Amino acid sequence: QKEVEQNSGPLSVPEGAIASLNCTYSDRGSQSFFWYRQYSGKSPELIMSIYSNGDKEDGRFTAQLNKASQYVSLLIRDSQPSDSATYLCAVMNYGGSQGNLIFGKGTKLSVKP
Amino acid sequence: GAVVSQHPSWVICKSGTSVKIECRSLDFQATTMFWYRQFPKQSLMLMATSNEGSKATYEQGVEKDKFLINHASLTLSTLTVTSAHPEDSSFYICSAGRALYGYTFGSGTRLTVV
């Protein structure tokens with residue numbers, strides 16, 4: 001059973017701080033990793049994808065991947081109250097004809113003004 | 001990027017009736033779409049994979065006769081909740097796109113069965 005693990009939180013950070021969200025996955029052969037943001041009552045929104053070891057930056061977001069440790073993280077710099085949401089880590093599973101995403105349970109982030 | 005439209009956004013139905021939810025890919029052709037269910041404060045649960053022109057693939061524990069999926073065209077998949085009961089009340093979300101780039105989700109359908 002392929003699994004994706006996240007700390008459910010809540011993770012509380014002050015406005016302007018760096019929020020660090022972590023995720024581990026069980027399938028060593030996984031190649032594609034994604035971070036989604038889900039506001040309460042809304043559907044998930046894709047914010048980052050990463051495929052290679054190292055860092056990938058997009059604005060205030062940085063995704064980090066370490067395949068040897070089977071570890072993915074998301075850093076949010078200069079956190080804003082509008083970043084308060086649940087962040088879902090997802091790993092692509094290519095078991096079928098087209099891959100499906102395996103999601104972690106999500107980490108709830110709260111950014112305090 | 002991939003745009004996925006889902007309709008309706010919310011629906012209230014009486015116990016025992018059926019409800020149809022539509023998922024459309026607006027700017028791409030989707031041979032595969034995914035249907036998820038999410039209960040309050042829980043993560044997404046994949047219900048089934050919808051395949052254009054063939055039968056859907058259901059996840060273990062999901063009743064295929066209760067959750068009917070039809071993917072008759074490259075831009076439309078439908079999920080019909082048959083003989084709905086209060087325990088079927090949930091947030092249903094579809095997704096589609098290209099695996100390499102990650103999938104886009106529809107806006108979701110909140111189903112309440114009374």
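Relevant structure appears above.
Remember, predicted model here, so these are calculated numbers, not experimental data. (Residues numbered from 1 in each chain as written. Chains lettered and ligands numbered in written order. Predicted model: local features only at pLDDT ≥ 70, side-chain atom pairs only at ≥ 80, totals over all residues. Heavy atoms only, no water.)

(A) Inspection of the overall build of chain A at higher detail. Assigned secondary structure in chain A consists of 0 helices and 11 strands. Secondary structure elements in chain A, listed N-terminal to C-terminal, are β-β-β-β-β-β-β-β-β-β-β. For 113 residues, the compact-globule estimate of 2.2 N^0.38 gives 13 Å, and the C-alpha radius of gyration of chain A, at 14 Å, lies within 12% of that figure. Viewed in the frame of its principal axes, chain A has a C-alpha envelope of about 45 × 30 × 20 Å. (Helix = DSSP H or I, 4+ residues; strand = E, 2+ residues; numbered from the N terminus. Rg over C-alpha atoms; globule rule 2.2 N^0.38 Å.)

(B) Structural view of the overall build of chain B. Counting its secondary structure elements, chain B contains 0 helices and 11 strands. Order of helices (α) and strands (β) in chain B, N terminus to C terminus: β-β-β-β-β-β-β-β-β-β-β. For chain B, the spread of C-alpha atoms along the principal axes amounts to about 40 × 30 × 25 Å. Taking all 114 residues of chain B together, 50% fall into the buried category. Here the contacts in chain B between residues at least 6 apart in sequence split such that 51% fall between residues at least 24 apart. If you sum the accessible surface of chain B, you get close to 5,700 Å²; carbon and sulfur atoms cover 52% of it. Of note, chain B has its 10 positive side-chain charges centred 4 Å away from the centre of its 8 negative side-chain charges. (Buried < 20%, exposed > 50% of the residue type's maximum accessible area, 1.4 Å probe, protein only. Contact = heavy atoms within 4.5 Å. Areas by Shrake-Rupley, 256 points an atom, 1.4 Å probe, with all protein chains shown as cover. Lys, Arg positive; Asp, Glu negative; His and termini not counted. Charge placed at Lys NZ, Arg CZ, Asp CG, Glu CD.)

(C) Spatial organisation of the interface of chain B and chain A. Listed per partner, the contact involves 22 residues of chain B and 19 residues of chain A. In total, chain B and chain A occlude about 1,500 Å² of area from one another, counting both sides; carbon and sulfur atoms represent 53% of this. Counting the contacts that link chain B with chain A gives 0 salt bridges. Between chain B and chain A we count 5 residue pairs in polar contact (both at pLDDT 80 or more) in total. Secondary-structure elements contributing two or more residues to the side of chain B that touches chain A are strand S4 (32-38), strand S9 (90-98) and strand S10 (102-105) of chain B. (Buried area = accessible area lost by both parts, 1.4 Å probe. Salt bridge = Lys/Arg side-chain N within 4 Å of Asp/Glu carboxyl O. Polar contact = N/O pair within 3.5 Å; in protein donor to acceptor, adjacent residues only side chain to side chain.)

(D) Examining the pairing of strand S9 (residues 85-93) of chain A more closely. Residue and element names in this part refer to chain A. The buried fraction of S9 amounts to 8 of the 9 residues, a majority that puts the element mostly inside the structure. Bridge analysis of strand S4 (residues 33-38) against S9 gives 6 bridges, and the strand direction is antiparallel. In the sheet register, Gln38 faces S9, and the bridge partner there is Thr86. Pairing of S9 with strand S11 (residues 107-112), which is carried by 3 bridges, proceeds in the antiparallel orientation. (Pairing = 2+ DSSP bridges.)

(E) Fine view of a nonpolar patch on the surface. Together, B:Trp10, B:Ile12 and B:Val114 line one region of the surface with nonpolar side chains, adding up to about 380 Å² of accessible area. Assignment of secondary structure puts B:Ile12 in strand S2 (residues 10-13). (Patch = residues over 30% accessible without salt bridge, like charges linked within 9 Å, V, L, I, M, F, W, Y side chains within 5 Å.)

(F) Geometry of the side chain of B:Thr109. Residues and elements named next belong to chain B. For Thr109, the position within the fold is in strand S11 (residues 109-113). At 2.5 Å, the side chain of Thr109 and the backbone oxygen of Pro8 are in polar contact. Beyond its immediate chain neighbours, meaning those up to four positions away, Thr109 contacts Gln6, His7, Pro8, Ser9, Val11, Ile21, Ser90, Phe91 and Tyr92.

(G) Quick look at the environment of B:Pro86. All names here are of chain B. Mapped onto the secondary structure, Pro86 falls in the loop between strand S8 (76-81) and S9. Since its relative accessible area comes to 44%, Pro86 is described here as partly exposed. Sequence separation of Pro86 and Ala2 is 84 residues, and the distance between their C-alpha atoms is 33 Å. Leaving out residues up to four positions away in the same chain, Pro86 has contacts with Ser15 and Val113.

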